[in-house]
Amino acid sequence: MADNNNKPISSTCEEKSHEPNDELNIDSLTIDESKKKTNRVLDETKDSEIKTVTSGDTLYSTALKFEDLNLSEDLLKGLYVEMEFSHPSKIQSISLPMILTPPYKHLIAQAHNGSGKTTCFVLGMLSRVDPKLKAPQALCICPTRELAIQNLEVLMKMGKYTGITSYSAIPLYKTHDLQIAKRPPITDQVVIGTPGTIKKLMSFKKLSTREMKILVFDEADNMLAEDGFKADSWRIIKDIERSSVYCQVLLFSATFNETVKDFVSRVVTDGNQLFVKKEELSLDVVKQYKVNCPDELAKIQVIKDKIFELAENLGQTIIFVNSRKSAIELHKALEGDGWECSTIHGSLSDDQRYQIVKQFKSGRTKILISTDLLARGFDQSQVTMVVNYDLPVKWDTPRGPDYEVYLHRCGRAGRFGRRGAVFNLLCTDREHMLMQKFEEHFENHVVEISDWKSDDDFNAALKAAGLL
DNA sequence: AAAAAAG
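What you see is a predicted model; the values in this text were computed from it and never measured. (Residues numbered from 1 in each chain as written. Chains lettered and ligands numbered in written order. Predicted model: local features only at pLDDT ≥ 70, side-chain atom pairs only at ≥ 80, totals over all residues. Heavy atoms only, no water.)

## Thoughts on the overall build of chain A
- Along the backbone of chain A there are 15 helices and 16 strands.
- The 468 residues of chain A split such that 57% are buried.
- Entry remark: accessible area of chain A is about 20,100 Å², with carbon and sulfur atoms responsible for 50%. (Helix = DSSP H or I, 4+ residues; strand = E, 2+ residues; numbered from the N terminus. Buried < 20%, exposed > 50% of the residue type's maximum accessible area, 1.4 Å probe, protein only. Areas by Shrake-Rupley, 256 points an atom, 1.4 Å probe, with all protein chains shown as cover.)

## Considering the domain arrangement of chain A
- One can read the domain layout of chain A as domain 1 (47-276) and domain 2 (287-465).
- Each of domain 1 and domain 2 was reduced to a C-alpha centroid, and the two centroids are 30 Å apart.
- At the interface, 21 residues of domain 1 touch 20 residues of domain 2.
- Of the roughly 1,600 Å² buried between domain 1 and domain 2, counting both surfaces, carbon and sulfur atoms make up 48%.
- When residues of domain 1 are sorted by the area they lose upon contact with domain 2, Asn113, Glu146 and Gln150 head the list and together hold 33% of the total.
- Between the two partners, domain 1 and domain 2, sit 11 residue pairs in polar contact (both at pLDDT 80 or more). (Domains from an automatic or database assignment. Contact = heavy atoms within 4.5 Å. Buried area = accessible area lost by both parts, 1.4 Å probe. Polar contact = N/O pair within 3.5 Å; in protein donor to acceptor, adjacent residues only side chain to side chain.)

## Some remarks on the UniProt feature "short sequence motif: Q motif" (unreviewed entry) in chain A
- Under the local residue numbering, the UniProt record ascribes the feature "short sequence motif: Q motif" (unreviewed entry) to residues 64-93.
- A helix fraction of 47% and a strand fraction of 0% characterise residues 64-93, whose end C-alpha atoms lie 6 Å from each other. (UniProt positions renumbered as here; feature names shortened; annotations may be inferred.)

## Observations regarding the protein's contact with DNA strand B
- Looking at DNA strand B, there are 20 residues lining it, with Thr194, Lys200, Arg324, Gly346 and Trp395 nearest.
- Considering the 4 Å shell around the protein, atoms of DNA strand B inside it are sugar or phosphate in 68% of instances.
- Contact between DNA strand B and Arg353: a phosphate oxygen at 2.5 Å from a side-chain N or O atom of the residue.
- In this structure, Thr371 approaches DNA strand B through a side-chain N or O atom, which is 3.1 Å from a phosphate oxygen.
- When its residues are assigned to classes, the surface near DNA strand B shows 5 nonpolar, 10 polar and 5 charged. (Near = heavy atom within 4 Å. Nonpolar A, V, L, I, M, F, W, Y, C, P; charged D, E, K, R; others polar.)

## Considerations on the packing of aromatic side chains
- In the structure shown here, the tally under the stated rule is 14 aromatic pairs.
- With centroids separated by 5.1 Å and ring planes inclined at 50°, the aromatic side chains of Phe308 and Trp339 adopt a geometry described as tilted. Of this pair, Phe308 sits in helix α10 (residues 296-311) while Trp339 sits in the loop between α11 (324-336) and β12 (342-344); the two residues are 31 residues apart in sequence, bridging distant segments of the chain.
- Under the relative-accessibility criterion, Trp339 is labelled partly exposed at 22%.
- Arranged with centres 4.3 Å apart and planes meeting at 20°, the rings of Tyr406 and Phe438 form a pair that is stacked. With a gap of 32 residues between them, Tyr406 in helix α13 (residues 403-410) and Phe438 in helix α14 (residues 429-442) connect regions that are remote in the sequence.
- With relative accessibility at 1%, the residue Tyr406 sits in the buried group.
- Site record: aromatic cluster; members linked through ring pairs are Tyr403, Tyr406, Phe438 and Phe442. (Phe/Tyr/Trp six-rings, centres within 6.5 Å; stacked < 30°, edge-to-face > 60°.)

## A word on unusual backbone geometry
- With omega at 10°, the peptide bond leading from Pro102 into Pro103 counts as cis.
- Positionally, Pro103 belongs in the loop between α2 (90-100) and β3 (107-110).
- Positive phi, close to 60°, is recorded for Lys205, a residue that is not glycine.
- Checked against the element boundaries, Lys205 lands in the loop between α6 (195-203) and β7 (214-218).
- The phi dihedral of Glu443 falls on the positive side, at around 50°, and the residue is not glycine.
- By the element assignment, Glu443 lies in the loop between α14 and β16 (447-449).

Laid out in structure tokens, this is it:
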């Protein structure tokens, strides 16, 4: 679990209890340390505190073993053989009983980056679906195509022996309305995709919501945000509400904000909740640094001399920028000097995007420049370094720090408790000010690399991060 | 004046 902190959790979101809520004391439920086996890569020796608020009077136990969850043999085989899991991770052990126990309450679950949120809701979908019923019964909505594809891959792997089929609701090729109209209705049990395509399939009556049992919002805060996909999400959920008897809603993300709480109080009332403190969210497994750069040229020089030269063989790196233009310009500047890296952003073609991600996931590309397209959810365990070439800012004026995006970007490194380093390249006064805000907000000190030219300083930083 | 999805 991506967490090293044992601070107790303060009250989170207690104000929106619509009915008497029973708070579970997680301490009394935690697994006996001596009986706990080490998961494949997950380091759970220092468990985080997870705050749970349950609704109604259903009692939930934690699942110490997958066998405790009444899963089908086929699904268990997928977990052990394909996924190579030995036992549920912490978030899984708490959330899965909540997802799988009647009356199948809604769930809002916050968990660390790289702690296995995806496996939670994928397992939830696979086990709630009836393989014999040839109709869509589970729907998962994601903010990007890349994330939808990634989730589908996990689903197919985990569900390999179940016979459950899935449908990818993303615009992979040029889909004209005429072509959609001519297609038969979807009979696959699980549908994963992006809002536009899902809406379209629904309006063409190709995606029936009549048998829908479970609806998942991945990166839920983004899916429900005003400047995100709020309108689409609301329409989809209303459509489902109208046609199906009862559909369980799962909201998963590492970050949650006020918009989600509004949604929760109006739509997903009467649900269970899991929360962790913001200070505990992933920012202590990856080591953060700020690099003082006198000007923009120095930033590029740091990428060339330090990131490429010193760190290229330490794993993979994602360099985040704030705009497509910035991505293209940085790529040109590096390419002009013969440095090889790839770049991804939303104005590339579907196929280009797909190929670039595929190449990076195969490990053939070491360094990838990206917009916030890949800020959330992108899971590549070899990513050891994240570079914020630009710091993430909110688009409204005055442009303030975007804490959520900062956290999500950092979460691309240090997957499943692995080591990682984040380098924030700072040049202007505004950037220094923003950085200070990030430090204050997450209550952690970010070490400064004052001499951007010093190899020794960078080597020391990489060593401190556990990468050398 | 932005990223994302789509039209």
